[in-house]
Amino acid sequence: MKRNVLSIAITSLFFVYSCKNAPVAKQEAGKTEAVKSNITDEQLMDRVQKDALKYFWDYAEPNSMLGRERYHEDDIYPDNDKHVITTGGSGFGLATILVGVERGFVPRKEAVKRLSHIMDFLAKADRHKGAWSHWINGETGKTVPFGKKDNGGDLVETAFLTSGILMVREYFKNGNAEEKKLAAKCDELWKGIQWNWYTKGGEKVLYWHWSPDYQWEMNFPLEGYNECLITYILAASSPTYSIDAETYYKGWTRNGTYLTDKTKYGLPLYVKHNYAEEYGGPLFWAQYSYIGLDPTGLSDKLVKNYFDVNKNQTLIDYQYCVENPKQWKGYGPNYWGLTAGYTRNEDGSTGYTAHMPGNDNGVITPTAALSSFPYTPKESMAFLRFMYTQKPEFIGSAGPYDATSINYNNWFTPRYLAIDQGTIAPMIENYRSGFLWKLFMNAPEIQQGLKKLSFRSAKYGIK
């Protein structure tokens with residue numbers, strides 16, 4: 001798959017994957033059968049969490065045991081990249097495995113063994129000033145370039161991974177000897193990341209990439225609002241290589257200029273979504289940073305409640321799909337949700353794009369609604385129930401396929417992406433129990449880092 005910069009300007013960091021040699025149109029589904037309509041909500045949530053867990057438990061890359069960038073049921077990999085693992089998606093995978101342990105879907109002892117193996121692999125893999133690259137060769141631990149100049153550290157992907165590492169540490173730190181050893185490995189990995197290096201010599205902003213060959217030539221400062229908030233939280237919380245509060249407020253908030261008074265469907269957006277100020281961006285912006293970071297009642301000097309930011313973005317996406325201005329067949333209260341993922345190209349082949357109201361081509365990405373459970377439980381449950389009881393052709397071996405379209409004769413691609421499948425079980429669990437939120441938010445360094453940045457959360461005693 002060749003990468004091209006996305007034609008619409010969401011951020012300069014989205015990439016399109018064109019798969020011109022991929023099988024076209026609808027493929028024959030597996031043996032999945034529709035579940036009975038009398039299944040309870042709790043049973044449905046169990047089912048989809050178990051299914052999504054399979055991506056990281058049953059179909060993990062076999063040497064590293066981390067999350068593959070992609071898993072294709074059709075076994076067609078145009079770039080021969082079955083062995084490539086994804087750093088950020090693997091972080092979501094760590095959170096998914098923790099959900100599996102907590103729910104009793106996987107044995108705790110087996111999870112500890114696998115997670116210990118993962119941490120050993122990460123310790124030996126290529127690192128760039130402590131950060132990992134976007135892609136890693138699962139067989140060797142060597143950096144796999146995401147692009148010519150993107151062959152070094154990727155701080156955002158590292159942040160998503162680190163969020164998972166910290167939750168693993170917190171979950172096992174008071175356990176038996178083997179579990180404490182695992183927690184110590186996690187702690188060592190976390191303390192080795194040189195977050196402040198990525199300020200490019202002390203600038204008051206974090207940068208996404210650094211390469212040992214091309215230095216700072218990628219030149220992507222992390223400025224809000226998009227999916228990158230967790231990067232600043234972790235950088236401020238680091239006990240070894242932290243940034244100061246000025247870097248957060250000058251960099252991430254663009255000197256406090258990223259607030260907005262715009263509304264859509266009567267719902268305030270609160271912040272300016274990068275290049276998507278009318279409707280907000282793709283829904284992963286309300287998900288990736290919040291696998292561990294609990295937005296409930298969370299505020300800083302500028303934003304009064306991050307939960308409202310995420311809830312309104314999700315409801316705007318939902319209302320757009322219900323309004324359905326392009327008149328796509330199938331869109332409605334039971335079938336909605338636009339985010340980045342695989343897509344249907346005009347010729348029927350499989351591609352990649354960042355779906356959102358400003359870039360809507362009739363393709364619904366199931367992770368969008370499923371990973372929105374904390375914000376829209378009623379609307380997300382309607383989608384979940386519709387998927388499993390009425391659209392079994394959209395369900396594969398690891399849950400709902402990555403891209404679907406009722407409009408195009410029930411088209412789907414029998415493929416999965418780690419960054420999409422990896423948010424489903426964690427975000428549903430945060431809705432059900434707050435499990436991962438409690439782990440992350442109660443980590444001592446996170447508490448201190450949030451206080452440093454003037455965040456407040458009555459729920460966690462952060463004042």
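About the thresholds
- Residues numbered from 1 in each chain as written.
- Predicted model: local features only at pLDDT ≥ 70, side-chain atom pairs only at ≥ 80, totals over all residues.
- Heavy atoms only, no water.
- Salt bridge = Lys/Arg side-chain N within 4 Å of Asp/Glu carboxyl O.
- Helix = DSSP H or I, 4+ residues; strand = E, 2+ residues; numbered from the N terminus.
- Buried < 20%, exposed > 50% of the residue type's maximum accessible area, 1.4 Å probe, protein only.
- Phe/Tyr/Trp six-rings, centres within 6.5 Å; stacked < 30°, edge-to-face > 60°.
- Lys NZ or Arg CZ within 6 Å of the ring centre and 35° of its normal.
- Contact = heavy atoms within 4.5 Å.

Undergrad: I'd love a proper account of the pattern of salt bridges, names of residues and values included.
TA: Under the defined criterion, the tally for this structure stands at 27 salt bridges. The partner of Asp 51 in a salt bridge is Lys 54, and the shortest N-O contact between them spans 3.6 Å. In this pair, Asp 51 and Lys 54 both sit in helix 1 (residues 41-57), three residues apart, roughly one turn of the helix. What makes Lys 54 partly exposed here is its relative accessible area of 30%. As a salt-bridge pair, Asp 244 and Lys 204 come within 2.7 Å of each other at their nearest N and O atoms. Of this pair, Asp 244 sits in the loop between helix 6 (229-237) and helix 7 (245-252) while Lys 204 sits in the loop between helix 5 (177-191) and strand 8 (209-210); the two residues are 40 residues apart in sequence, bridging distant segments of the chain. In this structure Asp 244 comes out as partly exposed when scored by relative accessible area, which is 32%. When salt bridges with common partners are traced through the structure, they connect Arg 169, Glu 170, Lys 173, Asp 187, Lys 191 and Glu 445 into a single cluster.

Undergrad: Describe the packing of aromatic side chains, naming the residues involved and giving the relevant values.
TA: The full count for this structure, using the stated rule, is 37 aromatic pairs. An angle of 40 degrees between the planes, with centres 5.4 Å apart, marks the rings of Phe 92 and Phe 160 as tilted. Here Phe 92 is found in helix 2 (residues 87-102), whereas its partner Phe 160 is found in helix 4 (residues 155-172), with 68 residues between them in sequence. The burial state of Phe 92 is the same as that of Phe 160; both residues are buried. One aromatic cluster in this structure is built from Tyr 59, Tyr 71, Tyr 331, Tyr 335, Phe 383, Phe 386, Phe 394, Tyr 401, Phe 412 and Tyr 416. Just above the ring of Trp 197 sits the side chain of Lys 129; from NZ or CZ to the centre is 4.4 Å.

Undergrad: For helix 12 (residues 424-432), give the residues involved together with the corresponding values.
TA: Every α-helix winds through 3.6 residues per turn, so residues three or four apart in the chain are directed the same way. Taking burial as the measure, the nine residues of helix 12 include eight buried ones, the bulk of the element. The set of residues buried in helix 12 consists of Ile 424, Ala 425, Pro 426, Met 427, Ile 428, Glu 429, Asn 430 and Arg 432. Elements in contact with the buried residues of helix 12: helix 1, helix 2, helix 9 (366-370), helix 11 (418-421) and helix 13 (435-441). Phi for Gly 434, located one or two positions after helix 12, is positive at around 70 degrees.

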